[in-house]
Amino acid sequence: MRSGQSRRWTRCVTVALGMVAGLSVVGCGASPDEAAVGGVDNDQPRGLLLNTPAARPGYVYFAPLLSDMTYLVETVSGAVVRTWKSELVPSAFVYLLDNGHLLRGGRQLEVPVFTGGGQGGRIQEFTWEGDLVWDYRFASEEHLLHHDVAVMPNGNILAIAWEAKSRDQTQQMGLRPEMTPEDGVWPDMILELEPQPLDGARVVWEWHSWDHMVQNRDTHLGNYGDPSAHPELIDINGGRQTPEDMTEEELARYREVGYVPADSEHDPSADLMHTNAIVYNATLDQIAVSILAYNEIWIIDHGTTTEEASGHTGGRWGHGGDLLYRWGNPRAYGRGEETDQRTFGQHDVRWIPDGLPGAGNLLVFSNNVPGPEAPHSEVFELTLPTDDAGRYVLTGSDPYGPLTPTWSYAAPDPTSLHSPFISGAHRLPDGHTLITSGGPGRFLEVTAEGEIVWEYRSPQSGDVEVPDQGFLIRQFPYAAFRATKILPDHPALQGRELVPLDPQPPVVPPPPAPEP
């Protein structure tokens, strides 16, 4: 499954994805109808299913979405060798740091304004032994952490957050009135945090998407312009589209799967972007993010001051906080049609680190690729178009390349790999790729040729109360945002006792099948 398989880019535009309002999402990326049919393999065997000699021994860690636990699993036997416990259900991310500490997002429940997939508000750091040494809260009526963070080489943390904008502010930015919720919207911002234990952090840099909006519907507003002439800007009307008048039945489905609180008038279109992943490239001093509502990945310059990041000039790459690169859906900036879309509800954009096969390329998990029978998931590796100076190349009125991936993976039976939300992929030192099919809690390692050499289905779930997330319990009880494989020489593991826990954590049986 190397480059040149352009057939994988062919989009079957007649396929019905079952989405409410076309591009609307639920949870961390699934539409209500997708969520209703996605959890169909809960009766599959759980635990270690395949381990071949081609898969290097190592460890995989993950945090089930319905549990307050994080697990470290040995790949040869499938045994759990370490756990960490929090009093919070995860927002999404978990990272094992080089010093053996665990960085984990937590869901702050008492937040009146923001509700949605990936909802967070807390960042917690635990020692190897499980002691809580940092518990930072960024949750109020004005802002809320969500989904993901990126740990920088200097120990600072890049974090995604929603910020609330009123209906009046939103209208002044040019969002179509019929698309504007009564209580306004939540555009995303990125904060660089300098941790200050036990519970503090200093914001040392910030970027706000709100500073880089363009619209072409109202000539009297200051951000009026042609989105196709300004691909470096974000068309405020270019992302998620919802019905002008959502029916009560549709609203009920959103509430059933947890995207709209049962006791709230929350409009699902308030989550303007639904940024679900962030990664930092220290060599380039750039940040890549996955923007689900736009079906795109974006790259911005981190080599700016906060003031420069709010404008259009300055910084290492000379464009302030404007987008340096974008890919996946050129229709979002007026340079493509529906058939040009490449990513569908994608998650987990990652740069491949130096020294690994494909170094400098990007990996992205596309969740809901249309197919002739049903949607499926694929992993793409992208070689980005750059000139000799490292600047991203954009020619004339064309969209950003590449047209085809350098490498891709889809299952031989495409629909057998499908997670309508969450999920991810990362490259391993031997050139293999670890893929997380997050909804069913399935982790698989594939070779460059597409052979599965290791497979594990999480047997872990939990009973932590997650308000309005009943669909997880019924359809995706084993869901995990993503899993990460590390090798025995990882710095976090040095000098650690890594033996199977006795007793092993109990296997959680699947919930009863829903009545017909």
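Residues numbered from 1 in each chain as written. Predicted model: local features only at pLDDT ≥ 70, side-chain atom pairs only at ≥ 80, totals over all residues. Heavy atoms only, no water.

## A word on the overall build of the chain
If you tally the helices and strands in the chain, you get 5 helices and 27 strands. Taken over 516 residues, the chain has a buried fraction of 60%. Taking contacts inside the chain between residues at least 6 apart in sequence as the whole, the part at least 24 apart equals 61%. Of the roughly 19,600 Å² of accessible surface on the chain, a fraction of 50% belongs to carbon and sulfur atoms. (Helix = DSSP H or I, 4+ residues; strand = E, 2+ residues; numbered from the N terminus. Buried < 20%, exposed > 50% of the residue type's maximum accessible area, 1.4 Å probe, protein only. Contact = heavy atoms within 4.5 Å. Areas by Shrake-Rupley, 256 points an atom, 1.4 Å probe, with all protein chains shown as cover.)

## Comments concerning the layout of surface pockets
In this model, the largest pocket occupies a volume close to 1,500 Å³. If you go around the largest pocket, you meet 46 residues; those closest to its centre are V279, Y280, R350, W351 and P353. Taken together, the elements giving at least two residues each to the lining of the largest pocket come down to strand 5 (90-96), strand 9 (143-151), strand 15 (275-281), strand 19 (347-351), strand 23 (424-427) and strand 27 (484-486). Its residues assigned to classes, the lining of the largest pocket comprises 27 nonpolar, 10 polar and 9 charged. (1 Å grid on protein atoms, 1.4 Å probe; cavity = no way out; pocket = protein on both sides within 12 Å on 5 of 7 lines; lining within 4 Å. Points joined across faces, edges and corners; volume = space filled by probe spheres on them. Nonpolar A, V, L, I, M, F, W, Y, C, P; charged D, E, K, R; others polar.)

## So, the nonpolar core
In globular proteins that are soluble, nonpolar side chains generally tend to be buried together. In terms of nonpolar packing, the biggest core is built from 30 residues, with L72, L96, L103, I123 and V149 touching the most fellow members. Top contributing element to this core by residue count: strand 5, with 4 residues. Contacts of V149, omitting those with residues within four sequence positions, involve F93, Y95, L103, I123, I157, L158, A159 and I278. Membership of the second largest hydrophobic core comes to 29 residues, among which are A150, W210, I287 and W298. (Core = buried A, V, L, I, M, F, W, Y, C linked by side-chain atoms within 4.5 Å.)

## Details of the environment of P412
Within the element layout of this structure, P412 appears in the loop between strand 22 (407-409) and strand 23. For the pair formed by P412 and E451, sequence separation is 39 residues and the distance between their alpha carbons is 9.9 Å.

## Regarding the sheet that holds strand 17 (residues 296-301)
With respect to topology, 4 strands assemble into an open sheet ordered 15-16-17-18, the strand pairing being antiparallel. Looking at which strands have only one partner, the edges of the open sheet turn out to be strand 15 and strand 18 (325-327). With strand direction ignored, the average angle separating the axes of adjacent strands in the sheet is 15°. As defined by bridge partners, strand 15 adjoins strand 16 (residues 286-291) across 6 bridges and the pair is classed as antiparallel. Counterpart to I278 in the pairing with strand 16 is V289. (Pairing = 2+ DSSP bridges. Axes fitted to C-alpha atoms, helices over the stretch in contact; angles between N-to-C directions.)

## Some words on unusual backbone geometry
Residues G401 and P402 are joined by a peptide bond in cis, for which omega reads 10°. Residue position: P402 is located in the loop between strand 21 (376-382) and strand 22. Its identity as a non-glycine residue notwithstanding, D348 has a phi of 55°, on the positive side. The topology assignment puts D348 in strand 19. Its relative accessible area of 2% is what places D348 among the buried residues. The phi torsion at I422 lies on the positive side, around 45°, for a residue other than glycine. Here I422 shows up in the loop between strand 22 and strand 23. Relative accessible area serves as the criterion here: at 0%, I422 is assigned to the buried category.

## Some remarks on the packing of aromatic side chains
Inspection of every chain in the model, using the stated rule, returns 17 aromatic pairs. Each ring, one from F421 and one from F476, has its centre 4.9 Å from the other, and the planes form 55°; the classification is tilted. Of the two residues, F421 sits in the loop between strand 22 and strand 23 while F476 sits in the loop between helix 5 (470-475) and strand 27, which places them 55 residues apart along the sequence. The interplanar angle of 15° and the centroid separation of 6.0 Å between the aromatic rings of F443 and Y456 together place this pair among those described as stacked. Linking F443 in strand 25 (residues 442-446) with Y456 in strand 26 (residues 452-457), this pair joins segments that are 13 residues apart in sequence. Grouping aromatic residues by their ring pairs yields a cluster made of F62, Y71, F443, W454 and Y456. Over the ring of Y478 we find R46, and its NZ or CZ is 3.9 Å from the ring centre. The ring of W84 carries R82 above its face, with NZ or CZ at 5.9 Å from the centroid. (Phe/Tyr/Trp six-rings, centres within 6.5 Å; stacked < 30°, edge-to-face > 60°. Lys NZ or Arg CZ within 6 Å of the ring centre and 35° of its normal.)

## Concerning the sheet that holds strand 12 (residues 200-208)
Strand order in the open sheet formed by 4 strands is 9-10-11-12, and the pairing between neighbours is antiparallel. The sheet is open, and its two edges are formed by strand 9 and strand 12, each paired on a single side. Put simply, the sheet's adjacent strands are angled 30° from each other on average, direction ignored. Bridge count for strand 11 (residues 188-196) against strand 12 is 8 bridges, and the pairing is antiparallel. Opposite I190, over in strand 12, you have W207 as the bridge partner.

## Brief notes about the environment of W186
Of note, W186 is situated in the loop between helix 2 (167-172) and strand 11. Note on W186: relative accessible area 4%, which makes it buried.

## Quick word on the pairing of strand 5
The buried fraction of strand 5 amounts to 7 of the 7 residues, a majority that puts the element mostly inside the structure. Bridging between strand 5 and strand 6 (residues 102-107) involves 4 bridges; their strand directions are antiparallel. For P90, the partnering residue across the bridge sits in strand 6 and is G106.

## Points about the pattern of salt bridges
One pass over the structure, following the stated rule, counts 13 salt bridges. As a salt-bridge pair, E296 and R326 come within 2.8 Å of each other at their nearest N and O atoms. In this pair, E296 sits in strand 17 while R326 sits in strand 18, placing the two residues 30 residues apart along the sequence. Looking at R326, the relative accessible area reads 0%, which means it is buried. Linking R350 and D348 is a salt bridge whose minimum nitrogen-to-oxygen distance equals 3.0 Å. Note on accessibility: R350 and D348 belong to one class, buried. Salt bridges sharing common partners tie together D148, D348, R350 and R482. (Salt bridge = Lys/Arg side-chain N within 4 Å of Asp/Glu carboxyl O.)

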